[in-house]
Amino acid sequence: SFIKVTLVSSTDVKDQTAKHNVPDQFSLEQNYPNPFNSNTTISFNLPKLTQTRLIIYNLVGQKVKILVDKKQRAGRYTIQWDGKDLFRG
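Residues numbered from 1 in each chain as written. Predicted model: local features only at pLDDT ≥ 70, side-chain atom pairs only at ≥ 80, totals over all residues. Heavy atoms only, no water.

Draft legend 1. Layout of the overall build of the chain. Scanning the chain from N- to C-terminus turns up zero helices and seven strands. Along the chain, from the amino end to the carboxyl end, the secondary structure elements read β-β-β-β-β-β-β. Relative to its 89 residues, the chain shows a buried fraction of 30%. With the model as given, the accessible surface of the chain reaches about 5,800 Å², and the carbon-plus-sulfur share is 50%. (Helix = DSSP H or I, 4+ residues; strand = E, 2+ residues; numbered from the N terminus. Buried < 20%, exposed > 50% of the residue type's maximum accessible area, 1.4 Å probe, protein only. Areas by Shrake-Rupley, 256 points an atom, 1.4 Å probe, with all protein chains shown as cover.)

Draft legend 2. Focus on unusual backbone geometry. Following Tyr 32, the chain continues to Pro 33 via a peptide bond in cis, the omega torsion being -25°. Inspection of the secondary structure puts Pro 33 in the loop between strand E3 (27-28) and strand E4 (40-46).

Draft legend 3. A look at a nonpolar patch on the surface. Nonpolar side chains collect at one region of the surface, where Ile 66, Leu 86 and Phe 87 lie side by side and expose about 340 Å² of accessible area between them. Within the fold, Phe 87 resides in the segment after strand E7 (75-81). For Phe 87, a relative accessible area of 77% gives the class exposed. (Patch = residues over 30% accessible without salt bridge, like charges linked within 9 Å, V, L, I, M, F, W, Y side chains within 5 Å. Salt bridge = Lys/Arg side-chain N within 4 Å of Asp/Glu carboxyl O.)

Draft legend 4. Examining the packing of aromatic side chains more closely. All told, the structure shown has one aromatic pair when counted by the stated rule. Here the aromatic rings of Phe 44 and Tyr 77 are separated by 5.4 Å at their centres, their planes lie at 15°, and the arrangement is stacked. Separated by 33 residues along the polypeptide, Phe 44 in strand E4 and Tyr 77 in strand E7 bring together distant segments of the chain. (Phe/Tyr/Trp six-rings, centres within 6.5 Å; stacked < 30°, edge-to-face > 60°.)

Draft legend 5. The arrangement of the pairing of strand E6 (residues 63-72) in detail. Relative to E6, strand E5 (residues 50-57) runs antiparallel, the two sharing eight bridges. Among the inter-strand pairings, Ile 56 is bridged to a residue of E6, identified as Lys 65. Between the antiparallel neighbours E5 and E6 lie five residues, among them Gly 61 with a positive phi of about 85°. (Pairing = 2+ DSSP bridges.)

Draft legend 6. Expanded view of the side chain of Thr 41. Counting through the fold element by element, Thr 41 comes out in strand E4. For Thr 41, a relative accessible area of 6% gives the class buried. At a separation of 2.6 Å, a polar atom in the side chain of Thr 41 contacts the side chain of Gln 80. Those residues in contact with Thr 41, other than ones at most four positions away along the chain, are Gln 30, Asn 31, Tyr 32, Thr 78, Ile 79 and Gln 80. (Polar contact = N/O pair within 3.5 Å; in protein donor to acceptor, adjacent residues only side chain to side chain. Contact = heavy atoms within 4.5 Å.)

Here is the structure:
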């Protein structure tokens with residue numbers, strides 16, 4: 001199955017904010033290793049304080065897992081996804 005990740009604006013989110021290291025634009029990096037492994041790492045950048053929503057969808061557009069849904073400060077973030085869906089943790 002394919003994974004669609006949407007960044008609007010398990011799960012361990014690491015806040016790597018530093019005043020001198022604030023990104024200048026919103027970005028979502030390529031996950032690694034590929035999503036067919038048992039775990040994958042997703043990195044994203046926020047240039048300012050914003051409501052952040054990181055959701056995994058399946059190929060037919062069904063919500064699989066909500067990884068982040070909260071206000072976050074500007075910075076670089078990394079999250080681990082264990083491949084579990086809304087019903088399995």
